[in-house]
Amino acid sequence: LSILFLTLLLLFLALFPGAFNCCTKVSDEIPKGILRRVERFEIQTADALCHLEAVILYIEGRKFCVSPRIRKVKKWMKKHKIPRKKTHGRKHRRITKKKRNRN
């Protein structure tokens, strides 16, 4: 029975590697000086694996999950070009519109 459980656990981890890296709750406030110490960040989308939208801030090897709706965080992400990992969760395609040549 324990071998079956271990096999199922390993299968789950192989199929859903990001399932245990998801933020399960986010902070709606952020202390003043914390954004100055951020080394990198990820954006977590709400999809099949992660059920919550979040910005994951990495500071000194620790991760902090904050709401992407915080005005300070939005402004900070636009302003700072620091190393950023791929979007955490489902991949998004960029759709571009081509202009038609009218003669």
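Remember, predicted model here, so these are calculated numbers, not experimental data.

1. A closer look at the state of the cysteines
Next, step 1: Enumeration according to the criterion identifies two disulfides in this entry.
Next, step 2: The side chain of Cys-22 participates in a disulfide bridge whose partner is Cys-50; the two sulfur atoms lie 1.9 Å from each other. Here the disulfide of Cys-22 and Cys-50 is left-handed, its torsion about the S-S bond being about -65°. Of the two residues, Cys-22 sits in the loop between helix H1 (2-15) and strand E1 (40-44) while Cys-50 sits in the loop between E1 and strand E2 (54-59), which places them 28 residues apart along the sequence. Assigned by exposure class, Cys-22 and Cys-50 land together as buried.
Next, step 3: Paired through a disulfide, Cys-23 and Cys-65 show a sulfur-sulfur distance of 1.9 Å. On the S-S bond that ties Cys-23 to Cys-65, the torsion sits near -70°, and the link is left-handed.

About the cut-offs
- Residues numbered from 1 in each chain as written.
- Predicted model: local features only at pLDDT ≥ 70, side-chain atom pairs only at ≥ 80, totals over all residues.
- Heavy atoms only, no water.
- Disulfide = S-S within 2.5 Å.
- Helix = DSSP H or I, 4+ residues; strand = E, 2+ residues; numbered from the N terminus.
- Buried < 20%, exposed > 50% of the residue type's maximum accessible area, 1.4 Å probe, protein only.

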